[in-house]
Amino acid sequence: MPAAVTVIEHPLVQHKLTLLRKKSTGTADFRRLLGELSTLMAYEVLRDLPLRETTIETPVASTRGRLIDGKKVAFIAVLRAGIGLLDGMLGVVPSARVGHIGLYRDEATLRPVEYYLRLPRSMRERDAIVVDPMLATGHSAVAALDRVKAAQPRSLRFVCLVSCPEGLATLQARHGDVPIYTAAIDERLNERGYIVPGLGDAGDRYFGTKAS
Ligand code: URA
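Keep in mind that what you see is a predicted model, and the values were worked out from it rather than measured.

Enquirer: For the pairing of strand 4 (residues 73-79), give the residues involved together with the corresponding values.
Expert: For strand 4, a buried count of seven out of seven residues is recorded, marking the element as mostly surrounded by other parts of the structure. Residues of strand 4 alternate between two faces, with Val 73, Phe 75, Ala 77 and Leu 79 on one and Ala 74, Ile 76 and Val 78 on the opposite face, all of them buried. Pairing analysis gives five bridges linking strand 4 to strand 7 (residues 127-131), with the strands arranged parallel. Looking across to strand 7, one finds that Val 73 is bridged to Asp 127. Two elements, strand 4 and strand 5 (residues 97-105), share six bridges in a ladder whose sense is parallel.

Enquirer: So what's going on with the site of the ligand? Which residues, and what values?
Expert: Near the ligand the following residues occur: Met 134, Ala 136, Gly 193, Tyr 194, Ile 195, Gly 200, Asp 201 and Ala 202. Separating an oxygen atom of the ligand from a backbone N or O atom of Ile 195 is a distance of 2.8 Å. One of the backbone nitrogen or oxygen atoms of Ala 202 is found 2.8 Å away from an oxygen atom of the ligand. With the chains in place, 82% of the 240 Å² that the ligand exposes on its own is no longer accessible. Of the residues belonging to the shell around the ligand, the class tally is five nonpolar, two polar and one charged.

Enquirer: Requested: an account of unusual backbone geometry, with residues and values cited.
Expert: Backbone torsion omega between Leu 79 and Arg 80 reads 5°, so that peptide bond is classified as cis. In this fold, Arg 80 is placed in the loop between strand 4 and helix 3 (86-92). With an omega of 0°, the peptide bond running from Val 196 to Pro 197 counts as cis. Residue placement: Pro 197 occurs in the loop between strand 14 (195-196) and helix 6 (202-207). In this structure, Ser 122 is a non-glycine residue whose phi angle is positive, near 55°. For Ser 122, the location among the structural elements is in the loop between strand 6 (112-118) and strand 7.

Enquirer: So what's going on with the environment of Thr 182? Residues and values would help.
Expert: Take Thr 182: it is sitting in strand 11 (residues 180-182). On the accessibility criterion, Thr 182 (0% relative accessible area) is buried. Each C-alpha atom of the pair Thr 182 and Ser 163 lies 6.6 Å from the other, and the pair is 19 residues apart in sequence. Those residues in contact with Thr 182, other than ones at most four positions away along the chain, are Val 5, Thr 6, Val 7, Ile 8, Met 41, Cys 160, Leu 161, Val 162 and Ser 163.

The rules behind each value
- Residues numbered from 1 in each chain as written.
- Predicted model: local features only at pLDDT ≥ 70, side-chain atom pairs only at ≥ 80, totals over all residues.
- Heavy atoms only, no water.
- Buried < 20%, exposed > 50% of the residue type's maximum accessible area, 1.4 Å probe, protein only.
- Helix = DSSP H or I, 4+ residues; strand = E, 2+ residues; numbered from the N terminus.
- Pairing = 2+ DSSP bridges.
- Near = heavy atom within 4 Å.
- Polar contact = N/O pair within 3.5 Å; in protein donor to acceptor, adjacent residues only side chain to side chain.
- Areas by Shrake-Rupley, 256 points an atom, 1.4 Å probe, with all protein chains shown as cover.
- Nonpolar A, V, L, I, M, F, W, Y, C, P; charged D, E, K, R; others polar.
- Contact = heavy atoms within 4.5 Å.

Below you can see the structure in the form of structure tokens.
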């Protein structure tokens with residue numbers, strides 16, 4: 001049985017996602033909302049990180065507390081739109097390491113081709129979280145997880161903001177052991193590979209560019 005797909009239904013997430021989707025939302029607001037959403041999603045995605053007991057001194061007394069165990073978290077952004085999820089997540093895990101994976105679509109084969117890969121050191125000791133706002137066909141997500149899995153992280157999760165049944169099916173067929181976190185499962189993909197209703201091109205909206 002494939003690992004769970006968690007749809008983050010928190011009212012704050014759903015409210016901000018609705019504002020983000022609106023075509024009237026401009027670049028500055030799109031960036032701010034994506035940052036806020038990624039912070040909120042990080043709470044859910046990191047909910048089960050292992051903790052270890054420690055003793056600390058408060059100004060008043062010695063007490064026991066808990067800290068995140070081990071070498072900690074690595075966020076891996078799928079370029080380019082994945083960058084939009086980094087700041088918000090780093091806001092709550094400032095010591096996390098960051099990796100990048102760049103993929104473009106070969107127009108003849110429609111398959112992702114890797115053009116850049118840089119992962120943090122010691123991946124075997126890290127909990128890796130691959131981030132990409134849109135899970136559309138699923139081909140880039142599969143390729144990204146292939147590469148990150150080869151580095152043998154301690155654990156591996158995939159986070160997107162908007163997904164669709166086609167992308168989820170593709171990802172689960174190939175990486176059924178990787179838990180997926182999303183804020184929405186939309187209706188479908190259209191003939192151009194966009195999620196419907198979706199939010200358009202996440203990279204263009206975040207960076208303020210326009211595909212020609
Ligand atoms: N990538 C996007 O940015 N948007 C989509 O709808 C699909 C893929």
